Amino acid sequence: MGAIAVTQEHLARWLSRPTADDHKYSRGVVEFHTGSKAYPGAALLGVLGALHTGVGMVRYLGPPSVSSLVIQAHPEVVVTHGRVDAIVVGSGMATPLGPHATHRVREALSRGVPTVIDAGALDFAGPLPALSVLTPHARELARLHRRLYESELTDEQDAAERIARDLGVTVLLKGSVTTVVNHHGTRWILPEATAWLATAGTGDVLVGILGALLAGSRSQLERSPENFGESVASGAFLHAQAAGFASATQSDGPITASDVARNVSLVVGRVLGSTQLRAGRAEHHRHDRTQ
């Protein structure tokens, strides 16, 4: 089976405009177990990406020093335990994982909700939730392959597919052309993104977007878990589009990870707007045909 080319139509299926009946919990709660004293920025950027995706609530559970920074930057974030619909874990955790970090990862993965596993958490050797996505770049994929199979990988795409199948998860392989593969071997391929994305922190924004999108879609995913891979690929598409918009405002010049995060809202609004416009046109045409 050939790879599925991801488009705006895929993303539109995973976005929705809040109604008068919605509230913060119905729009999804995403929880972050990210950041460390050495890398607090990973937590800040992931949270920023999630907030601009339109999730109902963001929780942050991490080191007190990082929690303080998160609250200072984003006072809407909650730093206590509670209801959660998706989890992001691992960004900003140094490898190899120490005892405390391992405990943080284990606790996060025990929640049993859709989970984004990034960076340091990729080294965790325990069981993974059924709806999990691993988000390695090429070097992380090679390290994971060595740990699992005690051999060097020879083909990145084949390695991603093997890991997805053997662990029963979805793998998002980051790169200039990002690909997503689920444990059934279905593969999604993203359009080539702006090369300005090759800068520190953009991967942290990506996992924040993914966590928010999965949180808002939890009930849909639990009804149709076979669509998990498409939801992940759609989140990656949203990230790439936001980067493109950010660079366009700089005359196709360089961008920062924060620039990407702050343009996510713009992409969401445009996609929802165009979807609403197409729906209105379809209804208009249907009405005309009945006259």
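Everything discussed here concerns the structure shown above.
> Describe the overall build of the protein, listing the residues and the values that go with them.
Each helix and strand in the protein was counted, giving 10 helices and nine strands. The C-alpha atoms of the protein give a radius of gyration of 19 Å, which matches the 19 Å a tight globule of 291 residues would have. Each principal axis of the C-alpha distribution contributes one length, and for the protein these read about 70 × 45 × 45 Å. Taken across its 291 residues, the protein has 49% of its residues classed as buried. By element, 53% of the accessible surface of the protein is carried by carbon and sulfur atoms, the whole surface being about 13,400 Å². Each charge class in the protein was averaged separately, 26 positive and 26 negative side chains, and the resulting centres sit 5 Å apart.

> Please give an account of the sheet that holds strand β8 (residues 179-181) that cites residues and values.
Spatial ordering of the open sheet is given by β1-β9-β8-β7-β6-β5-β4-β2-β3, a layout of nine strands whose pairing is mixed. Both edges of this open sheet fall to β1 (4-5) and β3 (57-60), since each of them pairs with a single strand only. Pairing between β8 and strand β9 (residues 187-189): three bridges, direction antiparallel. Bridging across to β9, Thr-179 finds its partner in Ile-189.

> Before we move on, can you summarise the packing of helix α2 (residues 40-53) against helix α3 (residues 64-73) with the specific residues and values?
At a minimum axis distance of 9 Å, the contact between α2 and α3 shows a crossing angle of 35°. The element α2 and its partner α3 pack so that their crossing is right-handed. Taken together, the residues of α3 that come into contact with α2 (itself represented by Pro-40, Ala-43, Leu-44 and Val-47) are Val-66, Leu-69, Val-70 and Ala-73. Considering only residue class, the contact of α2 with α3 consists of eight nonpolar, no polar and no charged.

> Lay out the environment of Asp-123 in plain terms, naming residues and giving numbers.
Relative to the elements of secondary structure, Asp-123 occurs in the loop between β5 (115-117) and β6 (132-134). With 45 residues separating them along the chain, Asp-123 and Val-78 place their C-alpha atoms 27 Å apart. Beyond its immediate chain neighbours, meaning those up to four positions away, Asp-123 contacts Thr-95, Pro-96, Arg-143 and Arg-147.

> Tell me about the pairing of strand β7 (residues 170-173), and name the residues and values.
Neither face of β7 is exposed, since Thr-170 and Leu-172 on one face and Val-171 and Leu-173 on the opposite face are all buried. Sheet topology note: the β6/β7 ladder contains two bridges and is parallel. What sits directly across from Leu-134, in β7, is Val-171. Taken together, the three bridges between β7 and β8 define a ladder with antiparallel strand orientation. Bridging from a neighbouring strand, Val-171 pairs with Val-181 of β8. The antiparallel hairpin formed by β7 and β8 contains five residues in its connecting segment.

> Describe the pattern of salt bridges, listing the residues and the values that go with them.
In this structure the tally under the stated criterion is 11 salt bridges. Of the charged contacts, one joins Arg-83 and Asp-85 as a salt bridge, the two residues approaching to 3.9 Å between their closest N and O atoms. Classification of Asp-85 as buried rests on a relative accessible area of 6%. Here Arg-143 ties to Asp-123 by a salt bridge, and the two come within 3.3 Å at their closest N and O atoms. Linking Arg-143 in helix α5 (residues 138-149) with Asp-123 in the loop between β5 and β6, this pair joins segments that are 20 residues apart in sequence. Residue Arg-143 is classed as partly exposed on the basis of its relative accessible area of 29%. Asp-123 sits in the partly exposed class, given a relative accessible area of 23%. Shared partners join several salt bridges into a network, and the residues in it are Arg-83, Asp-85, Arg-218 and Glu-222.

Conventions used here
- Residues numbered from 1 in each chain as written.
- Predicted model: local features only at pLDDT ≥ 70, side-chain atom pairs only at ≥ 80, totals over all residues.
- Heavy atoms only, no water.
- Helix = DSSP H or I, 4+ residues; strand = E, 2+ residues; numbered from the N terminus.
- Rg over C-alpha atoms; globule rule 2.2 N^0.38 Å.
- Buried < 20%, exposed > 50% of the residue type's maximum accessible area, 1.4 Å probe, protein only.
- Areas by Shrake-Rupley, 256 points an atom, 1.4 Å probe, with all protein chains shown as cover.
- Lys, Arg positive; Asp, Glu negative; His and termini not counted.
- Charge placed at Lys NZ, Arg CZ, Asp CG, Glu CD.
- Pairing = 2+ DSSP bridges.
- Axes fitted to C-alpha atoms, helices over the stretch in contact; angles between N-to-C directions.
- Left-handed = near helix turned anticlockwise from the far one by under 90°.
- Contact = heavy atoms within 4.5 Å.
- Nonpolar A, V, L, I, M, F, W, Y, C, P; charged D, E, K, R; others polar.
- Salt bridge = Lys/Arg side-chain N within 4 Å of Asp/Glu carboxyl O.

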